[in-house]
Amino acid sequence: MTTTVVGFDQVTKSYGDVRAVDGLTLALHPGETVALLGPNGAGKSTTLDLLLGLKRPDSGTIGLFGTEPREAIAAGRVGAMLQSGGLMDEVTVAELVRLACDLHPRPYPVSEVLARAGVTQIADRRVDKLSGGQAQRVRFALATAGDSDLIVLDEPTTGMDVTTRQAFWATMREQADQGRTVLFATHYLEEADAIADRVLVLHRGRLLADATAAEIKAKAGARRISFDLPDGPVDEAALRNLPFLTTYDVSGRTVRLQSADADATVHALYGLGLYPRNLEVAGLGLEQAFVAITTAEEARTS
């Protein structure tokens, strides 16, 4: 039987008339890397706050390792890196990390934590003198100060440059390979596509999708079509009326389409007497699939 690391069962949470989390049910398991996606206001941060025991649900149950969230956290089984809350001022990076290690039931050596987060060279710098990217790396150090089984990350790479982001995710892969569960919320959809074993899509507090990135792309249904127009006049109205189009865009002589039936669209394109150059047909990227799924849900519920 697979161990459940995180379990939400019909969890709801409201703020006045706004239901931030609406009947959320999900389960995470050991060794998974899971991305939490959703537009602003989807309920991502509230979901993480509920998971970490920072807020209590109005209804439903939440379990971490078969216990209450606060009990699992007190036992050192969870490390978290959140957007909310600041870092202590007037202390150095090393002093802050040492405090986190001292407080953890299963701490790592301070030098190891500093090295893993890539902050050894700024260990003697005061926390209030850090750049945004450096502060993010310090938050990561605090989240991994001890041997936790679940690591929760809220927009972890905001402010990091490309090289630092790559190093960060390499470290996270190592954590998952060692059997830890990694849950991260992000606006960088390419990170979810490249890193996550599973992708959870939230919208208005409800779970729209729980699948691999590839499955979510397939679920969106549409495919991308791009081509260059031949020289000479073109009947744009005819192009816009191609069958099964969901989006249409022209930039110079380059046409980019999305179609619910790419085969039929391309067949009709040639039926117009056009001979497009550099024709490409491909599945949607995760970003386009995410937009397609959430837009469809907006249309369904409006």
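Residues numbered from 1 in each chain as written. Predicted model: local features only at pLDDT ≥ 70, side-chain atom pairs only at ≥ 80, totals over all residues. Heavy atoms only, no water.

1. Section: the packing of aromatic side chains
To describe a pair of aromatic rings, one takes the distance between the centres and the angle between the planes. A complete count under the given rule lists 4 aromatic pairs for this structure. Arranged with centres 4.7 Å apart and planes meeting at 65 degrees, the rings of Phe 140 and Phe 168 form a pair that is edge-to-face. Residue Phe 140 is located in helix α5 (residues 132-143), and its partner Phe 168 is located in helix α6 (residues 162-177); the two are separated by 28 residues in the primary sequence. On the accessibility criterion, Phe 140 (2% relative accessible area) is buried. Exposure remark for Phe 168: the relative accessible area of 4% places this residue in the buried category. Summarising the aromatic geometry, the rings of Trp 169 and Phe 184 are spaced 4.6 Å apart at their centres and angled 55 degrees between planes, so their arrangement reads as tilted. Pair noted here: Trp 169 is in helix α6 and Phe 184 is in strand β7 (residues 181-185), with a separation of 15 residues, a long-range link. (Phe/Tyr/Trp six-rings, centres within 6.5 Å; stacked < 30°, edge-to-face > 60°. Helix = DSSP H or I, 4+ residues; strand = E, 2+ residues; numbered from the N terminus. Buried < 20%, exposed > 50% of the residue type's maximum accessible area, 1.4 Å probe, protein only.)

2. Concerning empty space enclosed by the protein
Taken as a whole, this structure holds 1 cavity of 30 Å³ or more when the rule is applied. Taken together, Val 6, Phe 8, Leu 26, Leu 36, Thr 47, Leu 48, Leu 51, Leu 183 and Leu 200 form the lining of the largest cavity. Those elements giving two or more residues to the lining of the largest cavity turn out to be β1 (6-15) and α1 (44-51). For the lining of the largest cavity, the leading source of residues is α1, giving 3 residues. Residue composition of the lining of the largest cavity, grouped by class: 8 nonpolar, 1 polar and no charged. (1 Å grid on protein atoms, 1.4 Å probe; cavity = no way out; pocket = protein on both sides within 12 Å on 5 of 7 lines; lining within 4 Å. Points joined across faces, edges and corners; volume = space filled by probe spheres on them. Nonpolar A, V, L, I, M, F, W, Y, C, P; charged D, E, K, R; others polar.)

3. Points about the environment of Thr 265
Secondary-structure assignment places Thr 265 in helix α10 (residues 262-271). The exposure class assigned to Thr 265 is buried, which follows from its relative accessible area of 1%. With 87 residues separating them along the chain, Thr 265 and Gln 178 place their C-alpha atoms 47 Å apart. Leaving out residues up to four positions away in the same chain, Thr 265 has contacts with Ile 225, Leu 242, Pro 243, Phe 244, Leu 245, Leu 257 and Ser 259. (Contact = heavy atoms within 4.5 Å.)

4. Thoughts on the pairing of strand β3 (residues 33-37)
Most of β3 is tucked away: 5 of the 5 residues are buried. Of the two faces of β3, both are covered, the one formed by Thr 33, Ala 35 and Leu 37 as well as the one formed by Val 34 and Leu 36. In this structure, β3 lies alongside β7, joined through 4 bridges in parallel fashion. Paired with Val 34 across the strands is Leu 183, a residue of β7. Direction of pairing for β3 relative to strand β8 (residues 198-203): parallel, over a ladder of 4 bridges. Looking at the pairing, Leu 36 lines up with Leu 200 of β8. (Pairing = 2+ DSSP bridges.)

5. A few points about the side chain of His 203
When you line up the elements, His 203 lands in strand β8. In this structure, His 203 is in contact with Pro 39, Ala 42, Leu 208, Thr 294, Glu 297 and Glu 298, ignoring residues within four places of it in sequence.

Shape descriptors only; they carry no functional weight alone.
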